[in-house]
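# Coordinate analysis (summary)
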Amino acid sequence: KLKPEEIVGIQILIQPVRPEWRDEFKPVVEELKAKASLKPEAMAGEALAALGKAMRTPGETEVLRAVERNLSHPAFKTLIRFIYLSPKSMFYDSFARRGLVGSFNQYAAYDMNHFVQNYSMSTRVRLWHWPHFFPRRREQVRKSRLLLYYCKREIPTKPFMGKLISSYFMNWNFASKMYIMTTESLATLFHPPTFVVLTAPHVKRVESRKYAPPAGLPIYGEDRDVDKLK
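The paragraphs below set out a description of the structure included in this document. All figures in this text were calculated on a predicted structure; none of them were measured in a lab. (Residues numbered from 1 in each chain as written. Predicted model: local features only at pLDDT ≥ 70, side-chain atom pairs only at ≥ 80, totals over all residues. Heavy atoms only, no water.)

With that out of the way, let us pick up the sheet that holds strand E3 (residues 179-182). Taken in spatial order, the 3 strands make up an open sheet running E1-E2-E3, and their pairing is antiparallel. The sheet is open, and its two borders are formed by strand E1 (7-16) and E3, each paired with just one other strand. Recorded for the sheet is a direction-independent mean angle of 45 degrees between the axes of neighbouring strands. Relative to E3, strand E2 (residues 75-85) is paired through 4 bridges, and the arrangement is antiparallel. Directly across from Lys77, in E3, lies its bridge partner Ile180. On the sheet, helix H4 (residues 93-103) packs against E1 and E2 and is oriented at approximately 145 degrees with respect to E2. Contacting E1 and E2, helix H5 (residues 135-152) runs over the sheet at an angle of about 125 degrees to E2. (Pairing = 2+ DSSP bridges. Helix = DSSP H or I, 4+ residues; strand = E, 2+ residues; numbered from the N terminus. Axes fitted to C-alpha atoms, helices over the stretch in contact; angles between N-to-C directions. Contact = heavy atoms within 4.5 Å.)

So this is what it looks like as structure tokens:
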């Protein structure tokens, strides 16, 4: 839907992490395992104990399996940025706020995990947004910072003093942050549906055909009802 004058960019920055990142999520796995079976003190006998282990909903089983599979892959600290540029006369901010953000909803599984936009880094500033003064000036500073970070592929600094030194008046550099994603998740995100990866023009078109209904198809109704369909 982009016009020739419009530009959209999506940037994925990754940074390797140590294997110990899994230790942070061990309590989550233990909690899921505890929810998936009955408590031993609530059972009586080996038969009830075996029944308690088997009484687990398909959703709980699938969530536990997905979490354990995700923890088995190497992971990276990840930062995703997107920008939308166009002439002022045709600028449509809802395209970025809804269109680009909505494109990531296809990866959402609300019983497991989904993407959430970091609104603190958004360039949309209004008077009712904190700190409630100079909204246009703050909007311009945010746009300049985001464009600079995108061009330089800037990874947010971690130490507090580094964030403080790189901050500006009316735009503190404490909002940008990274999160952990595994290689499986990154491989899925790294192939957006652009004209480079689309295969539709090379896929042979399958013509549709009409056939008569199969013989012996059961029909519920009387003969006069069947005659109406002829």
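And the narrative resumes.
This part is about unusual backbone geometry. Unlike most non-glycine residues, Arg153 shows phi in positive territory, near 50 degrees. In this structure, Arg153 sits in the loop between H5 and helix H6 (160-165).

Turning next to H5. For H5, which comprises 18 residues, the first-to-last C-alpha distance of 26 Å matches the rise-based estimate of 26 Å (1.5 Å per residue) to within 8%. Those residues of H5 that sit buried are Arg138, Glu139, Val141, Arg145, Leu146, Tyr149 and Tyr150. Projected down its long axis, H5 shows its buried positions confined to an angular sector of 165 degrees, all on one face. Along H5, the residues that are exposed and aim more than 90 degrees away from the buried face are Arg136, Arg137, Cys151 and Lys152. For H5, the secondary structure elements touched by its buried residues are E1 and E2. Of the residues trailing H5, Arg153 is marked for its positive phi of about 50 degrees. (Expected span 1.5 Å × (residues − 1). Buried < 20%, exposed > 50% of the residue type's maximum accessible area, 1.4 Å probe, protein only. Arc of directions from axis to C-beta.)

Another aspect to go through is the pattern of salt bridges. According to the stated counting rule, one finds 4 salt bridges in the structure shown. For Lys26, the salt bridge goes to Asp23, with nearest N and O atoms at 3.3 Å. Taking relative accessible area as the criterion, Asp23 reaches 40% and is therefore assigned partly exposed. For Lys143, the salt bridge goes to Glu139, with nearest N and O atoms at 3.4 Å. A residue pair is termed a helical-turn pair when its members lie 3 or 4 positions apart in one helix, as Lys143 and Glu139 do in helix H5 at 4 residues. (Salt bridge = Lys/Arg side-chain N within 4 Å of Asp/Glu carboxyl O.)

Looking now at the environment of Ala75. In this fold, Ala75 is placed in strand E2. Separated by 53 residues in sequence, Ala75 and Arg22 have C-alpha atoms that sit 9.2 Å apart.

Position of Lys163 among the secondary structure elements: in helix H6. Among buried charged residues, Lys163 stands out as having no salt bridge; its nearest opposite-charge side chain is Glu154, 12 Å away. Sequence-distant contacts of Lys163, defined by excluding residues within four places in its chain, comprise Thr157, Lys158, Asn173 and Phe174. (Lys, Arg positive; Asp, Glu negative; His and termini not counted.)

Scanning the entire structure with this criterion turns up 4 aromatic pairs. Arranged with centres 5.8 Å apart and planes meeting at 70 degrees, the rings of Trp21 and Phe25 form a pair that is edge-to-face. The buried category is assigned to Trp21, whose relative accessible area is 9%. Relative accessible area serves as the criterion here: at 29%, Phe25 is assigned to the partly exposed category. Aromatic pair Tyr84 and Phe91: ring centres 5.2 Å apart, planes at 35 degrees, arrangement tilted. Residue Tyr84 is classed as buried on the basis of its relative accessible area of 8%. Exposure remark for Phe91: the relative accessible area of 40% places this residue in the partly exposed category. (Phe/Tyr/Trp six-rings, centres within 6.5 Å; stacked < 30°, edge-to-face > 60°.)

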